[in-house]
Amino acid sequence: MSGYLDMSVSASDSEAGTDTSYGLDAANIKFSSQLTDDVYFEARVNGSGDTNSVMNSIELEQAYMAYSGISNVTITAGKFLSSLGWEAYHAPNLFQYSYSATLVYPGMQNGASVRYAADWFSVYGAVLAGVWDNYDKDGSRGGVEASAKFTGVEDLTVLIGGATESYPGYDQSLLNIWASYAMDQLLLAAEFNAVFDWGAEGTDGFGWLLMANYTFTDQFGLTLRTSGLMVEDDAGNDVNDDIKFTVAPSYVLTDNLSFVLEYNILEDGVADDTIQTVALESIVTF
């Protein structure tokens, strides 16, 4: 059993005024067991102190079985995390407090997947009840996801993948490409997303992310990030026109306690508004 507590205080200023928030963002507990040499089980339970969130009660975030009895192959069934996207899902694995503006990739999914992993590459495919709705279990729309990851060049990782899900009258689809390069204390990452029929037929667009993280010491690091998402409907009207700039120093106090201080600016072209946010986050792992 392991997990984390994610707590924060933040203030956002926009034309509508100033909004403040403080308290528990997430309490996440992971239960895992290597049942046999070839069978692994994992379940995550998540909760939040946000009464306006769908997570205002305890939620079964993940629960799956993974079989690895075939050489280089892992077969997974249940509710699990998507293979797409550069940014991690859980707070302890993020380099900053907030997600990027181009967060269009899926989260948790119900279905079954197969992964083949060799020395310098892996390929992944999944058949899903729903791609973007983690509560979807009936499979009335259905969806698929596939990706390939390449690690043949030292310190360089590249992923190319995509997903599609059928809706009445259109198929919502995503192409996700990202690359990261680690060099001593510096980590660089770039991501490109292309979306098609995004919520409606003929609504297409693209998003991007550029990030640099530098670890000055074992305790102190700094993340700089820019990201954006531009989506238009078939009449040429902007559905999304967001650009976000993020500065986030981080400090590891102990093996189990870390802090992230973030300042970000979101330029919302649709609302013609600039939103500035300052946040302080503490993460306790156990």
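Higher on the page you've got the structure.
Residues numbered from 1 in each chain as written. Predicted model: local features only at pLDDT ≥ 70, side-chain atom pairs only at ≥ 80, totals over all residues. Heavy atoms only, no water.

Asks: Residues and numbers for the overall build of the protein chain, please.
Replies: When you go through the protein chain residue by residue, the secondary structure sums to 0 helices and 16 strands. Expressed along its principal axes, the backbone C-alpha trace of the protein chain runs to roughly 55 × 55 × 45 Å. Within the span of the protein chain, comprising 286 residues, buried residues form 39% of the whole. Long-range pairs, those at least 24 residues apart, make up 48% of the contacts in the protein chain with a sequence separation of at least 6. With the model as given, the accessible surface of the protein chain reaches about 14500 Å², and the carbon-plus-sulfur share is 58%. Between the centroid of the 9 positive side chains of the protein chain and the centroid of its 40 negative side chains there is a distance of 10 Å. (Helix = DSSP H or I, 4+ residues; strand = E, 2+ residues; numbered from the N terminus. Buried < 20%, exposed > 50% of the residue type's maximum accessible area, 1.4 Å probe, protein only. Contact = heavy atoms within 4.5 Å. Areas by Shrake-Rupley, 256 points an atom, 1.4 Å probe, with all protein chains shown as cover. Lys, Arg positive; Asp, Glu negative; His and termini not counted. Charge placed at Lys NZ, Arg CZ, Asp CG, Glu CD.)

Asks: Describe in detail a nonpolar patch on the surface, supporting the description with residues and values.
Replies: A grouping of V9, Y22, L224, V247, L261, Y263, V278 and L280 is seen on the molecular surface, where their side chains present a nonpolar patch of about 730 Å² in accessible area. Only strand 15 (257-268) and strand 16 (273-285) provide two or more residues apiece to the nonpolar patch. Secondary-structure assignment places Y263 in strand 15. (Patch = residues over 30% accessible without salt bridge, like charges linked within 9 Å, V, L, I, M, F, W, Y side chains within 5 Å. Salt bridge = Lys/Arg side-chain N within 4 Å of Asp/Glu carboxyl O.)

Asks: With reference to specific residues and values, describe the packing of aromatic side chains.
Replies: Under the definition given, this model contains 11 aromatic pairs. Aromatic pair W86 and F95: ring centres 6.3 Å apart, planes at 5°, arrangement stacked. Given the relative accessible area of 16%, W86 is considered buried. Taking relative accessible area as the criterion, F95 reaches 28% and is therefore assigned partly exposed. (Phe/Tyr/Trp six-rings, centres within 6.5 Å; stacked < 30°, edge-to-face > 60°.)

Asks: Now, about the pairing of strand 4 (residues 59-70): what can you tell me, with residues and values included?
Replies: As judged from the 8 bridges shared by strand 3 (residues 39-47) and strand 4, these two strands associate in the antiparallel manner. Across the sheet, E42 pairs through a bridge with Y64, a residue of strand 4. Both strand 4 and strand 5 (residues 73-81) contribute to a ladder of 6 bridges, which runs antiparallel. In the strand pairing of strand 5, M65 is matched with A77. Hairpin geometry of strand 4 and strand 5 is characterised by an intervening segment of 2 residues between the two adjacent antiparallel strands and by a positive phi of about 70° at N72. (Pairing = 2+ DSSP bridges.)

Asks: Report on the pattern of salt bridges, specifying residues and quantitative values.
Replies: Counted under the stated rule, the structure contains 2 salt bridges. Across the pair R44 and E42 runs a salt bridge whose closest N-O atoms are separated by 3.5 Å. As far as the burial class goes, R44 and E42 line up, both buried.

Asks: Could you give an account of the nonpolar core, with specific residues and numbers?
Replies: Most often, soluble globular proteins keep nonpolar side chains buried together rather than apart. Judged by nonpolar contacts, the single largest core of 23 residues is most densely connected at L84, W86, V104, L174, V195 and M211. In contact with M211, other than residues within four places in its own chain, are W86, F95, Q96, L187, L188, A189, T223, L224 and R225. (Core = buried A, V, L, I, M, F, W, Y, C linked by side-chain atoms within 4.5 Å.)

Asks: Which residues make up the side chain of Q172, and what values go with them?
Replies: Along the chain, Q172 turns up in strand 10 (residues 170-183). A polar contact of 2.9 Å, which involves the side chain of Q172, links it to the backbone nitrogen of G199. With residues near it in sequence (within four places) discarded, Q172 still touches W132, A163, T164, E165, Y167, F196, D197, W198 and G199. (Polar contact = N/O pair within 3.5 Å; in protein donor to acceptor, adjacent residues only side chain to side chain.)

Asks: I'd like a description of the environment of N72, backed by residues and values.
Replies: Counting through the fold element by element, N72 comes out in the loop between strand 4 and strand 5. Residue class for N72 comes out partly exposed when judged on its relative accessible area of 40%. Once the C-alpha coordinates of N72 and V231 are considered, the two residues, 159 residues apart in sequence, prove to be 39 Å apart. Residue contacts for N72: discarding those within four places in its chain leaves R115, Y116 and A117.

Asks: Kindly report on unusual backbone geometry, identifying the contributing residues and their values.
Replies: Positive phi, normally seen in glycine, also occurs at D155, with a value near 70°. Within the element layout of this structure, D155 appears in the loop between strand 8 (143-150) and strand 9 (156-167). Of the residues examined, D155 reaches a relative accessible area of 42% and is grouped as partly exposed. One non-glycine residue with positive phi stands out, namely D197, at about 50°. Take D197: it is sitting in the loop between strand 11 (186-196) and strand 12 (204-215). Take D197: its relative accessible area is 18%, and that puts it in the buried class.

Asks: Residue-level account of the side chain of K244, with values.
Replies: Mapping K244 onto the fold places it in strand 14 (residues 238-254). Buried K244, no salt bridge; nearest opposite-charge side chain is E262, N-O distance 4.9 Å. A polar contact of 2.9 Å, which involves the side chain of K244, links it to the side chain of S98. Setting aside residues no more than four positions away along its own chain, K244 makes contact with S98, Y99, A101, R225, T226, S227, N264, I265 and L266.

So yeah, pure geometry; function would need other evidence.
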